[in-house]
Amino acid sequence: MAIQEYFRNSICLDAEQVQYGCPNLPGLKKLTMTICKNLNSEISRILPVLEVFHRAFDQQFSPGIGQFPKQNSGDSGQSVSFRLERLTKLLYSIEDKAKMSMFESVGNEGGHRKSLIPLVTFEVKQEALAIPTKMFLKVDVESGRLFLKKSKDGPDDKFFVHNKILQLVKSQRMHSKLVIVAESEKEKVLRKEFTFDDTKKREGFCQLLQQMKNKHSEKLEPDMITVFVGTWNMGNAGPPHNTDSWFQCKGQGKTRDDTADHIPHDFYVIGTQEDPLGDRDWADTVKGVLRKITNISFKQVAIHTLWSIRIVVLAKPEHENRISHVFSDSVKTGIANTLGNKGAVGVSFMFNGTSFGFVNSHLTSGSEKKLRRNQNYINILRFLNLGDKKLNPFDITHRFTHLFWLGDLNYRVEFPSTEAEYIVTKIKQQQYQELLSKDQLNMERNDGKVFLHFDEEEITFAPTYRFERDTRDKYAYTKAKATGTKYNLPSWCDRVLRKSYPLVHVVCQAYGCTNDIMTSDHSPIFASFEVGVASQFVSKQDLNSAPQGGIQIMNCVATLLTKSKTKFFIEYHSSCLEKTVKTLEGENMEHLDGSIKVWFGNQVELTPIISDPEYLLDQHILICVKSTDCDESYGEGCVALRAAQFNYTEFQITLTHHGEKTGTLTGGIQLRTSEGTPTEKLYDFIKVEKDDTVASKGKGSDPNKFSTTQTYDISNPSYMGMSYKGGKVVDKGWSYSMPPKHLPIAGQGSKDAKKGGYDVSGSRSPTGKPMGEEEKVSEMFDNPLYGAMGKSRCKDQNHQQKDLLPPSDPNISTSKPADGEPDRPPLPTPRNRSFTCSEVKPQPLTSIPSRASGHKKPVVPSRSEGGMASNRPPLPSKSRPGMPEPQNPRDYRESSEAPSKHRPPARPGQPQPQRHVS
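Draft legend 1. Structural view of the overall build of the protein chain. Looking only at helices and strands, the protein chain features 12 helices and 34 strands. Here the protein chain holds 918 residues, and the buried ones make up 56% of them. Here the analysis covers contacts within the protein chain between residues at least 6 apart in sequence; of these, 73% occur between residues at least 24 apart. Here the protein chain has roughly 39700 Å² of accessible surface; of this, 51% comes from carbon and sulfur atoms.

Below is the structure:
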């Protein structure tokens, strides 16, 4: 009874004492005095009680820990001194546990408890002699072991330690199949193949294994983290008591499996609009929720508020010393750009060697105000001051390795108000494709007017606006006003988009909305990302004796959408360079279509500060084309050094300025590094199997020769299929819009290739726009990752690319090389997605048609987002493939225009004037 009373009342008083700096624990002392009264005569009774107390502390603060070993404390054969010694040890142990638990559990700044991920068991099937056998895989993240059991309650005698698990290989054909590559005690490499219940279970298992590898890694710094991004228009109402589902990615859309619930993210970025709380109240609320569901006291990196628009960034405590260069800023886009009821807030920081930017925006409302929203976006790009101040020529879309843009963007579904009931019916049937084809944001992005080169995960959840409050069953799409009835049709106003440098790892693990948070007319949006990061590099080599590295850029030709008569030069920026490098003036040549082609013939040698490939291959070169007369930027772009990892590589990049395309730049890059092989990253731990034709079970080859770096049939889904091989092949490097020549359409290399709505082929351009077109609008599909209803074929909706190089030869087959070409060198292949639709259909081998045909275009590897780019709805007829491009593109900028001068948006359908300025 005394112990119960202590846990009921006195423990709270002790916690308060600890919080105020008094470690004496008076309640605990009082309790022990009560228990230890008449110690000499009651020792036989007291020892069992203290053991119970000891176990109570274990269960109170460490659920899942094994029980205290039961001992026979009443053994009269033991001496009194021995029993007193045991009693004293128990008292000290209890006191230590109490102090440790109190110090780690009170107050936001009182430290943090260790996150405890419970044991998780997966039921799988393993084929032996073509007979499926039930097996159980038990994952113990804390101890770093994976148990293989024939029965759920069987003995834990067969297991792999974390450092013996070499690789997880996902099957592209069967989305519930996984191969575990592990090393046995005799140093033999084993490949064990398992089939899970569904795709989400397989993904949950992979995430747990990655967490295990990361937790027990011997690396001093992480090379992969996870980021939670959430946005919610709170509707000027306080949050409900329980918001757990938002931070656990529970609800509609693409969600994480339940088995991953206990894996905490490294960063939580929460953007709110119409937020009635103060900074401290909201931050404490979010910290409290995260503390409850993760058992960790997160540290506040930054918080910034503009009127009722707020962004807060929280990080795990162990990352505190890895975060630097924190900046925050805001931009007003309300009436006359002076009111902060609309606008954006942003936060940026460095995490070791990787830069992050987060923008939370609330754009102009109203279905008819699409152009004003576009202008809001441009203003935010121009005036939001985040990131490295040395990168002045570049807007925020180029300043960060990873940029996430979230918020109530307010783009609506463009249907007549009379179609409101039709929209609601389609939502109830989960038939979103037709509605998404009329989504203003999708249409404006497809036309290149906003969010150029951003990516958004596929939307598989219902519109998040406008609900009746306190319910998610009814959309309140009409509103009575003095001027008449106003319609707010159900729309996907709340979004999360991202843009990353080329050839970096970023995978979206979740994107959806909650079902149970109903205090606002908007539903909260959640998104979860697995992100590759670079360390603050310390070279293993002697910098004095290591050969000097170099980056050669040559044969650069810029095509600029301008008629300006000025001369141009190129500036190269990067944190890996000793200084900013400028080229000599280029040679101009005008084109009849109003553009200018500029040759920069001289080879440029860039000197990196460190030549170690471990460092250089994670770096990027930012490129800016400037005019010589006013030092004004006419376009910016980015090249990844990883593209030139093996040999001279040609590249083509799209140049942009203030969010608009301003031209293209082609050239070649060659990388000279010191000796050394980069270590494998944690995100390379999971691969995707391209074909099942290559001895998947090791037949015909020595299993000991299997290497985790073998890439002819396995690729990292985060990269864009740049599977470079040896020899003298000149492979094409990364490009926003360049299709590799002789590239087979992914997914057609095998008769068993899958054709699904969640594209496994990577057939999206790096700009986030699909390639090719299907005439028939697909219905909602049955993808096990999404929980959608209804089965139908899932076809890519595609978009015309504007900057394609000459298309592949239509006579080249996508199957095997011709007999007369046995030595054809290996070619780059498009990266494969991790997740696909659930329906499997054979797909015949076909040839790549020429550009003039009306069929699909060659697949272009996508940009940087780890195989997670989304399908797009069909486009309006004006932007569908096959439509000719305008022959007279508008002047981008005239030489007489001041650098800061801002062009008003053109009216719809109004051509841009063309003027020649000397």
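Draft legend 2. Structural view of the environment of Q670. Topologically, Q670 is positioned in strand β31 (residues 660-672). Linking Q670 and I551, residues 119 residues apart in sequence, is a C-alpha distance of 5.9 Å. Dropping the residues within four chain positions of it, Q670 is found in contact with G550, I551, Q552, M554, A644 and Y648.

Draft legend 3. Representation of the sheet that holds strand β19 (residues 494-500) in the model. Ordered by their spatial adjacency, five strands build an open sheet running β13-β14-β15-β16-β19, and the pairing between neighbours is mixed. Strands at the two margins of the open sheet, each flanked by one partner only, are β13 (323-332) and β19. The mean inter-strand angle of the sheet, taken between neighbouring strand axes irrespective of direction, is 15°. Bridge analysis of strand β14 (residues 343-351) against strand β15 (residues 354-362) gives nine bridges, and the strand direction is antiparallel. The residue bridging A344 from the neighbouring strand is S361, located in β15. Along the sheet face, helix α8 (residues 370-383) touches β13, β14, β15 and β16 (402-408) and points at about 135° away from the line of β13.

Draft legend 4. Expanded view of α8. For α8, which comprises 14 residues, the first-to-last C-alpha distance of 20 Å matches the rise-based estimate of 20 Å (1.5 Å per residue) to within 8%. Inspection of α8 places K370, R373, N374, Q375, N376, Y377, I378, N379, I380, L381 and R382 among the buried residues, and these make up the whole buried set. For α8, the elements touching its buried residues are β13, β14, β15, β16 and α11 (440-446).

Draft legend 5. How the structure looks around the pattern of salt bridges. Tallied over the entire structure, the rule returns 38 salt bridges. The partner of D257 in a salt bridge is K201, and the shortest N-O contact between them spans 3.6 Å. Placement of D257 in the loop between β9 (252-254) and β10 (267-273) and of K201 in helix α5 (residues 199-215) is noted, with a sequence separation of 56 residues between them. Relative accessible area serves as the criterion here: at 10%, D257 is assigned to the buried category. For K201, a relative accessible area of 26% gives the class partly exposed. One salt bridge in this structure joins K292 and D244, with 3.2 Å as the shortest N-O distance. Linking K292 in helix α7 (residues 279-294) with D244 in helix α6 (residues 244-247), this pair joins segments that are 48 residues apart in sequence. On the accessibility criterion, D244 (15% relative accessible area) is buried. Three or more residues joined by partner-sharing salt bridges are found here, namely D439, R445, E456 and R495.

Draft legend 6. Fine view of α5. The end-to-end C-alpha distance of α5, which contains 17 residues, comes to 24 Å, matching closely the 24 Å that a straight helix rising 1.5 Å per residue would cover. The buried fraction of α5 amounts to 14 of the 17 residues, a majority that puts the element mostly inside the structure. Its side-chain oxygen at 3.1 Å from the backbone nitrogen of K200, D198 defines the N-terminal cap of α5.

Draft legend 7. Seen up close, the pairing of strand β18 (residues 484-487). Looking at chain direction, strand β17 (residues 478-481) and β18 are connected through four bridges and run antiparallel. Counterpart to K481 in the pairing with β18 is G484. The hairpin turn running from β17 into β18, its antiparallel successor, is two residues long.

Draft legend 8. Representation of a nonpolar patch on the surface. Taken together, the side chains of W307, I335 and L339 present a nonpolar region at the surface, about 330 Å² in accessible area. One can find I335 in the loop between β13 and β14.

Draft legend 9. Molecular detail of the packing of aromatic side chains. Applying the stated criterion to the full structure yields 29 aromatic pairs. With a centroid separation of 4.9 Å and 55° between ring planes, the pair formed by F404 and F529 is classed as tilted. With F404 in strand β16 and F529 in strand β21 (residues 525-532), this residue pair connects regions lying 125 residues apart in the sequence. The same class applies to F404 as to F529, namely buried. Aromatic rings pair up to connect F267, F349, F351, F356, F358, F404 and F529 into one cluster. Here R373 stacks its cationic end above the ring of Y411, 5.2 Å away from the centre of that ring. Here K389 stacks its cationic end above the ring of F327, 3.8 Å away from the centre of that ring.

Draft legend 10. Representation of the pairing of β31 in the model. Strand direction decides the pairing type here: strand β22 (residues 550-560) and β31, joined by nine bridges, are antiparallel. When the bridges of β31 are listed, A558 appears paired with L665. Pairing geometry for strand β30 (residues 649-657) and β31, over nine bridges, is antiparallel. From the neighbouring strand, Q652 faces β31, where its bridge partner is T666. Between β30 and β31, which pair antiparallel and follow one another directly, the connecting turn spans two residues, one of which, H658, has a positive phi of 50°.

Draft legend 11. Examining the sheet that holds strand β12 (residues 309-315) more closely. Here seven strands make up an open sheet; going across it, the order is β9-β20-β21-β8-β10-β12-β11 and the pairing mixed. Across the chains shown, the open sheet's two edge strands, defined by having one partner strand only, are β9 and β11 (299-306). The average undirected angle you get between the axes of adjacent strands in this sheet is 10°. Judged from the seven bridges that link them, strand β20 (residues 506-513) and β21 form a sheet pairing that is antiparallel. Pairing of C508 across the sheet is with F529, part of β21. In the packing of α7 onto the sheet, the strands contacted are β10, β11 and β12, and the crossing angle to β12 comes to about 40°.

Rules and cut-offs
- Residues numbered from 1 in each chain as written.
- Predicted model: local features only at pLDDT ≥ 70, side-chain atom pairs only at ≥ 80, totals over all residues.
- Heavy atoms only, no water.
- Helix = DSSP H or I, 4+ residues; strand = E, 2+ residues; numbered from the N terminus.
- Buried < 20%, exposed > 50% of the residue type's maximum accessible area, 1.4 Å probe, protein only.
- Contact = heavy atoms within 4.5 Å.
- Areas by Shrake-Rupley, 256 points an atom, 1.4 Å probe, with all protein chains shown as cover.
- Pairing = 2+ DSSP bridges.
- Axes fitted to C-alpha atoms, helices over the stretch in contact; angles between N-to-C directions.
- Expected span 1.5 Å × (residues − 1).
- Salt bridge = Lys/Arg side-chain N within 4 Å of Asp/Glu carboxyl O.
- Polar contact = N/O pair within 3.5 Å; in protein donor to acceptor, adjacent residues only side chain to side chain.
- Patch = residues over 30% accessible without salt bridge, like charges linked within 9 Å, V, L, I, M, F, W, Y side chains within 5 Å.
- Phe/Tyr/Trp six-rings, centres within 6.5 Å; stacked < 30°, edge-to-face > 60°.
- Lys NZ or Arg CZ within 6 Å of the ring centre and 35° of its normal.

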